[in-house]
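# Observations on the model geometry
Chain residues, written in single-letter form:
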Amino acid sequence: MGSSILKTRPLLILVLLVLCFPFPLSGATITDIRFWSAPDHTRVVLDLSGPIQYESTSRENPPETRIELTGITSLPKKGDIEVKDNYLLKINLIDLGKGKARLTLHQKTPLQSNIFTLKPDLGKTHRLVIDLIDVGQEKKDQEERERQREVRPKGTKIVVIDPGHGGEDPGAVGPRKTMEKDIVLKIAQKTVHLLNRHKEMKAFLTRKGDYFIPLEGRVRIAREYGADLFVSLHADGSFNPQARGSSVYCLSLSGASDQAAKLLADKENMSNILGGAFLRPASLSKDPQLNQILLDLMQNNSMKESFRFAESILEEIKEVHPLKFQTYRQANFIVLRAPDIPSVLVEAAFLTNKEDERLLNQSGFQDKIALSIVNAVLKFFK
Ligand SMILES: [Zn+2]
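Residues numbered from 1 in each chain as written. Predicted model: local features only at pLDDT ≥ 70, side-chain atom pairs only at ≥ 80, totals over all residues.

## Considerations on the overall build of the protein
- Scanning the protein from terminus to terminus reveals 11 helices and 16 strands.
- In the protein, which comprises 382 residues, the proportion classed as buried is 38%.
- In the protein, the share of contacts with a sequence separation of at least 24, taken over all contacts with a separation of at least 6, comes to 75%. (Helix = DSSP H or I, 4+ residues; strand = E, 2+ residues; numbered from the N terminus. Buried ≥ 20, exposed ≤ 12 C-beta atoms within 10 Å, placed from the backbone. Contact = placed C-beta atoms within 7 Å.)

In structure tokens form, the structure reads like this:
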């Protein structure tokens, strides 16, 4: 009987063999090694043509993290990659033969590692992500944000500006390859600088460089600062190259105001997937002292305030750039979900439109957008 299966069903046998094998018979190629430096961690990403297996060990002296990779057919000939950021000295990848390779991350100090794989998604390949985290620094940054909340002089308003995307997640990309993550960081820095010239204001950024923060993490940062106002900054993207203009969005808990707003929220919420979010338990914890009724009341009030703020941003922005929509739109944006902070999301212009992309790259236009947000903030608190 067995032999007759072999004769008549060779294809079935082959399929069974492939299924039993934990990774494709051909193995995976490592196509690239990339890294991003954040204030409290460094992220290293291996781009892979298929799934692999890995095992990690870390040492304290000298401080390093080693990852033994199995199921590798070829690797890039890069030699040592110099990093020299806060935490890493260099990255070394060597071929051990027989489908094995070793990745060594030479560190400045011992660090906590979080290693995980990401499946292909939204145009990205298989990836192995290694986050090396300075838990001490992470705690210090959090304490410093909470200290800012404590030491603020009476009457000072705290505004947190959130440049969208970063690191693995470029956001929208223009015809001239301008990336949303870079443009919104520039506009956000300008906005914070202008706001801090007013002594009754204190403004902070959620992200200070090219690295990724999960959406929930951005909300948490704003809450640690005790923000009175939160602005998430973005630049829009569309399949239609004619689409252009600025728009402003608020949270909706009951469904989107229209289909376009829903699609945009879905796209912005994708950031967690694209950016390779690995949520550690701390970033999910809610304030246990807040009960649901209180939370609902707060959320209601914050949303009303958000609408008022959104209207005043629209008033200001239309003086410097045509509006895509004359009124604010609503959808379920994760980054706008702080129950106690009025929050809006601004799409400064369309990166996928040639003319808007040209403007977004101009320092003068970035200044104008920043200034219109500042004027709206000042009006909001009057
Ligand atoms: Zn965006």
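## Examining the pairing of strand 12 (residues 201–205)
- Here strand 12 lies mainly inside the structure; four of its five residues are buried.
- For strand 11 (residues 157–163) and strand 12, the ladder comprises five bridges, and the chain directions are parallel. Residue pairing in the sheet places K157 in a bridge with M201 of strand 12.
- One crossover worth recording links strand 11 to the parallel strand 12 by way of helix 4 (residues 180–195), and it is right-handed. (Pairing = 2+ DSSP bridges. Right-handed = clockwise from strand over helix to strand, strands pointing away.)

## Notes on the sheet that holds strand 3 (residues 53–60)
- The strand order across the open sheet formed by five strands is 3-4-8-7-6, and the pairing between neighbours is antiparallel. The open sheet terminates on both sides in strands that have one partner only, identified here as strand 3 and strand 6 (81–82).
- For strand 3 and strand 4 (residues 63–70), the ladder comprises eight bridges, and the chain directions are antiparallel. Each residue of the ladder has a partner; that of T57, found in strand 4, is R66.

## Looking at the nonpolar core
- If you look at the biggest cluster of nonpolar residues, it comprises 61 residues, and the most contacted ones within it are V159, V160, Y249, I313 and V344.
- For V344, the residues in contact, after removing those within four places along its chain, are V231, V248, Y249, C250, S306, F309, A310 and I313.
- In this structure, I30, A101, L105 and I130 belong to the second largest nonpolar core, which totals 21 residues. (Core = buried A, V, L, I, M, F, W, Y, C linked by C-beta atoms within 7 Å.)

## Observations regarding unusual backbone geometry
- A cis amide bond links N61 to the next residue, P62, at an omega of -5 degrees.
- Position of P62 relative to the elements: it lies in the loop between strand 3 and strand 4.
- The residue K98 is not glycine, and still its phi comes out positive at about 50 degrees.
- Classification of K98 by C-beta neighbours within 10 Å gives exposed; the count is 7.
- Here H165, not a glycine, exhibits a phi torsion of approximately 65 degrees, which is positive.
- With respect to the helices and strands, H165 occurs in the loop between strand 11 and helix 4.

## What to know about helix 5 (residues 215–225)
- Among the 11 residues of helix 5, eight are classified as buried, and the element is accordingly described as predominantly covered.
- Those residues of helix 5 lying buried are L215, G217, R218, V219, R220, I221, A222 and Y225.
- Note on helix 5: the residue one or two positions beyond its end, G226, has a positive phi of about 70 degrees.

## Looking at the environment of I341
- Among the secondary structure elements, I341 is positioned in the loop between strand 15 (329–331) and strand 16 (343–350).
- Taking C-alpha positions, I341 is 9.8 Å from V159, a pair spaced 182 residues apart along the chain.
- Ignoring any residue separated from it by four or fewer positions in sequence, one finds I341 in contact with A222, R223, A227, L229, F230 and S302.

## What to know about the pairing of strand 8 (residues 100–107)
- Of the two faces of strand 8, the one holding A101, L103, L105 and Q107 is buried and the one holding K100, R102, T104 and H106 is not buried anywhere.
- Pairing analysis gives seven bridges linking strand 4 to strand 8, with the strands arranged antiparallel. Its bridge partner lying in strand 8, E68 is registered against R102.

## Topic: the packing of helix 3 (residues 135–151) against helix 5
- The contact between helix 3 and helix 5 brings their axes to 7 Å, and the two run at 45 degrees. Considering their axes alone, helix 3 and helix 5 lie oblique with respect to each other. Only I221, E224 and Y225 of helix 5 make contact with helix 3, whose side of the interface consists of Q142, R145, E146, Q148 and R149. (Axes fitted to C-alpha atoms, helices over the stretch in contact; angles between N-to-C directions. Parallel < 35°, antiparallel > 145°, perpendicular 65-115°, else oblique.)

## A few points about the environment of L215
- Position of L215 among the secondary structure elements: in helix 5.
- Residues L215 and E268 lie 53 residues apart in sequence; the distance between their C-alpha atoms is 9.3 Å.
- Setting aside anything within four residues of it in sequence, one finds L215 in contact with N269, S271, N272, I334 and V335.

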